[in-house]
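Listed below, chain by chain, are the residues.
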Amino acid sequence: MLRSGAALGHGCGPLVVARKAMSLDEATQGRIAIPGRDTTAFLLLRLFAPGVEHGDVVEVRYDRILAAVESGEVDAGLIIHESRFTYAEHGLARVADLGELWEARTGLPVPLAAICGRRDLDDETRDAAERAIRASVEYAFAHPEASRAYVQEHSQELSEDVCRQHIALYVNEFSIDLGAEGLAAIDALTAAAAASV
């Protein structure tokens, strides 16, 4: 795992949403859309709603989950990325913030993603990749307007304000270097994952 390029943070976890207010247990007893079984989002949901994996879980591409919940195709949805800023516009209610639950349990930021290199990479290549990623993130912090057009072109949510909020939430000091707190968060999540199997 490289120390640069990760997505970790406070207040940035996946959300469970539904058409009406309900408990997390109620939401996971119905048909629930998730962005994938092998995602950090679903791992966090399994940690806080044990048994959900044995329920009526439907894998849906992450940017289509809000529409699936809104239309009634599913009873609830596990949302990530830009959807955390737009679910209310779809008339949906927040059921649970899995990041808040994680932080309350561990006191650590929620680890969402990291960049890894194959074990057979030599140290020089791995270190060069890490330096390049760190330099890219530092450049983006120093020149936020430089990537605006690229971000807008590849965003699922076209609102410039939503794009700005998304970047501000998910790209932070942990993206430059995981640090001790970031590594502790990853260790805690991997330990929780191993214990839940």
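Residues numbered from 1 in each chain as written. Predicted model: local features only at pLDDT ≥ 70, side-chain atom pairs only at ≥ 80, totals over all residues. Heavy atoms only, no water.

(A) Structural view of the sheet that holds strand β2 (residues 15–18). Reading across from one edge, β4-β3-β5-β2-β6 is the order of the 5 strands in this open sheet, with mixed pairing throughout. Each of the sheet's edge strands pairs with one partner strand only, and the pair in question is β4 (57–59) and β6 (93–97). On average, each strand axis in the sheet is tilted by 25° relative to the strand beside it, whichever way the strands run. Judged from the 4 bridges that link them, β2 and β6 form a sheet pairing that is antiparallel. Its bridge partner being in β6, Leu15 is matched across the sheet by Asp97. (Pairing = 2+ DSSP bridges. Helix = DSSP H or I, 4+ residues; strand = E, 2+ residues; numbered from the N terminus. Axes fitted to C-alpha atoms, helices over the stretch in contact; angles between N-to-C directions.)

(B) Quick look at the pairing of β2. Both faces of β2 are covered, namely the face carrying Leu15 and Val17 and the face carrying Val16 and Ala18. One ladder, built from 4 bridges, connects β2 with strand β5 (residues 76–79); its direction is antiparallel. When the sheet's bridge partners are listed, Ala18 is paired in β5 with Ala76. (Buried < 20%, exposed > 50% of the residue type's maximum accessible area, 1.4 Å probe, protein only.)

(C) Looking closely at the layout of surface pockets. Its volume calculated, the largest pocket comes out at about 1,200 Å³. If you go around the largest pocket, you meet 44 residues; those closest to its centre are Val151, His166, Ile167, Tyr170 and Val171. Listing elements by their share of the lining of the largest pocket, those giving two or more residues are α2 (40–48), β7 (110–113), α6 (123–142), α7 (148–154) and α8 (160–170). Tallying contributions element by element places α8 first for the lining of the largest pocket, with 7 residues. For the lining of the largest pocket, the per-class residue count stands at 25 nonpolar, 14 polar and 5 charged. (1 Å grid on protein atoms, 1.4 Å probe; cavity = no way out; pocket = protein on both sides within 12 Å on 5 of 7 lines; lining within 4 Å. Points joined across faces, edges and corners; volume = space filled by probe spheres on them. Nonpolar A, V, L, I, M, F, W, Y, C, P; charged D, E, K, R; others polar.)

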